[in-house]
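Overview (structure and organization)
Here is what each chain is made of, one letter per residue.
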Amino acid sequence: MPWRTYARPFTGNASAPRIALIVTGLGMRTSATQAAIAQMPPDVTLAFSPYASNLPMWMGRARQMGHETLLEVPTEPVGFPTMDPGALGLITAVSELENRKRLESALASAGGYVGVLATHAGRYTDTPTALRPLLESLKARGLLYVHRGAPRAVNANADVAPPVNIATTVLDNPAFQRAIDERLAGLEDTARAQGFAIGTLSASPLALYRATRWLAGLDARGFALAPVSALVLTPDNGASR
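A brief look at the structure comes next. Here the residue index of a chain counts from 1 through its sequence in written order. In keeping with the predicted nature of the model, local features appear solely for residues at pLDDT of at least 70, side-chain atom pairs appear and are counted solely at 80 or more, and the whole-chain, interface and lining totals rest on all residues. Derived side-chain values reflect all non-hydrogen atoms in the structure, with water molecules and hydrogen atoms excluded from consideration.

As for unusual backbone geometry
Condition: The helix and strand labels rest on DSSP assignments: H or I over at least four residues marks a helix, E over at least two residues marks a strand, and numbering proceeds from the N terminus. Buried residues are those whose accessible area, probed at 1.4 Å on protein chains only, stays under 20% of the maximum for their type, while exposed residues exceed 50% and partly exposed ones sit between those limits.
Between phenylalanine 80 and proline 81 the backbone carries a cis peptide bond, its omega angle lying at 10 degrees. Along the chain, proline 81 turns up in the loop between β3 (69-73) and α4 (96-107). The omega torsion of the bond from asparagine 173 to proline 174 falls at 10 degrees, within 30 degrees of zero and hence cis. Within the element layout of this structure, proline 174 appears in the loop between β7 (169-170) and α7 (177-194). One non-glycine residue, asparagine 54, lies in the positive phi region at around 55 degrees. Among the structural elements, asparagine 54 can be located in the loop between β2 (45-48) and α3 (55-64). Look at asparagine 54 and you get exposed, because its relative accessible area is 53%.

Here is the structure:
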């Protein structure tokens, strides 16, 4: 299964709370993508947009640097249609068949990734019947899924769910230094309470800088940085470990 074949092995402290960082939106801006690939530790997971030019090349470079990669699947955001996820967007306003076609197009844009990340929480990700075809398709392909939004829609489809977990927080929204630092501290609180946490951030210079400084002392504070595949829930483990 791709989520195992392309997973980065977890080599951290197995008894420590695990934190995964996912840098999102990659492939759209050359400088930001290069910075994320080069500056982030290999245990940081990199998520690439299906709209990116030269997507296979960018994902290949990331894997060469040791990173685990995700493909972003554009999903209907809160505020749709003012906010538009684009031509590949999975939205509740179109038919299941059309959403399946869009998903197929997105998944075919590259290879070598462990799974997908929903780009937005919203009506699509929070509606069990809308989400079910996505989960079915990912499970059939051996891909993991990082969910945004409430867990209800995933839990309602447990019978068809692939390995899955839920992103804890967007670390750089709003994109101010104090807010980022506060969310990073909150990520630690969540990991301490439940054993794991997943944070996402963009590849802006500020976000990468604050994340790099925070990562430097993560081990000393008693946490283990982990690729996101080391945090997914499966029928076998029943937990994030």
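Some details on the side chain of threonine 33
Heads up, the condition is: The definition of a polar contact used here is a pair of N or O atoms within 3.5 Å, where within protein one atom must be able to donate a hydrogen and the other to accept one, and adjacent residues in sequence count solely through side-chain atom pairs.
Note on placement: threonine 33 falls in helix α2 (residues 30-39). Residue classification places threonine 33 among the buried positions, given a relative accessible area of 1%. A polar contact is formed between the side chain of threonine 33 and the backbone oxygen of arginine 29, at a distance of 2.8 Å.

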